[in-house]
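# Fold and contact review
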Amino acid sequence: MVVANPTTPANIFHLLRRQVAWEFRKPCVIFSPKSLLRHPAVVSPVAEFTKGGFSEVIDDPSSPKAAKKVVLCSGKIYYDLTEARQKKKIKDVAIVRIEQLYPFPEKQINAILKKYKGAAVAWVQEEPSNMGCLSFILRMMPDQKFEIISRKASASPATGYAKVHKAEQEKIVNQALEVKA
């Protein structure tokens, strides 16, 4: 089985293309919120469709040289983090997207983390800490020390109040982009 949470149109295209091109059949589960269909930052140039393939992990395109913190995430939260990083002009936080959750791309993640040697590592998710990918990520990377940034554990995935949701989301984003001395 393949489980993915792709964040770009080109990566979704290459994921589906890879599924069809494989000589064997394997189920593919894609998590992607509807909000990414309308998000203005979710675009891919034509060149990304015609060249390359599916990227299990996408390193930070701005690739900060002196990153003090590496934020690992999956899905829509990436766009919230990059938008806030641009507004606040933060240059020492790298945001890395895990596009394929299973089979877990451990080699690719380790190669990227090696590039940011000495940087603190955080896992960020907008779901409560007892939901989402957190427990899976902790099992897949038992030797990695993480700062865990998410909503507090809850029986419900959402508060039901837009104002509370927005405040919680802002807190998650701010905590993720904060570099501790």
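Here the focus is the pairing of strand β8 (residues 147-151). Burial within β8 is extensive, with four of its five residues counted as buried. For strand β7 (residues 120-128) and β8, the ladder comprises four bridges, and the chain directions are parallel. Within β8, the position partnered with Pro 128 by the bridge is Arg 151. This β-α-β element, β7 to helix α6 (residues 134-140) to β8, shows right-handed connectivity.

This paragraph deals with the confidence of the model for the chain. Confidence along the chain averages 94 in pLDDT terms, with 99% of residues attaining 70 or more. Summarising per-element confidence for the chain, the mean pLDDT is lowest in helix α2 (residues 35-38) (89) and highest in strand β3 (residues 57-58) (98).

The strand order across the open sheet built from three strands is β2-β1-β6, with neighbouring strands paired in mixed fashion. Lying at the two open borders of the sheet, with one neighbouring strand each, are β2 (28-30) and β6 (100-102). Between one strand axis and the next, the sheet turns by 25 degrees as a mean value, whatever way the strands run. In this structure, strand β1 (residues 2-4) lies alongside β6, joined through two bridges in antiparallel fashion. Within the sheet, the bridge partner assigned to Ala 4 lies in β6 and is Gln 100.

This part takes up unusual backbone geometry. Between Tyr 102 and Pro 103 the backbone carries a cis peptide bond, its omega angle lying at -10 degrees. Summarising the element assignment, Pro 103 is placed in the loop between β6 and α5 (106-115).

Our next topic: the pattern of salt bridges. The full count for this structure, using the stated rule, is nine salt bridges. A salt bridge links Glu 56 to Arg 18, with the nearest nitrogen and oxygen atoms 3.2 Å apart. Note that Glu 56 is positioned in the loop between α3 (46-50) and β3 and Arg 18 in helix α1 (residues 9-21), a separation of 38 residues in sequence. With respect to burial, Glu 56 and Arg 18 carry one shared label: buried. Ionic pairing is found between Asp 59 and Lys 115, a salt bridge with its closest N-O pair at 2.6 Å.

Each value, and the rule that gives it
Residues numbered from 1 in each chain as written. Predicted model: local features only at pLDDT ≥ 70, side-chain atom pairs only at ≥ 80, totals over all residues. Heavy atoms only, no water. Buried < 20%, exposed > 50% of the residue type's maximum accessible area, 1.4 Å probe, protein only. Helix = DSSP H or I, 4+ residues; strand = E, 2+ residues; numbered from the N terminus. Pairing = 2+ DSSP bridges. Right-handed = clockwise from strand over helix to strand, strands pointing away. pLDDT = per-residue confidence, 0-100. Axes fitted to C-alpha atoms, helices over the stretch in contact; angles between N-to-C directions. Salt bridge = Lys/Arg side-chain N within 4 Å of Asp/Glu carboxyl O.

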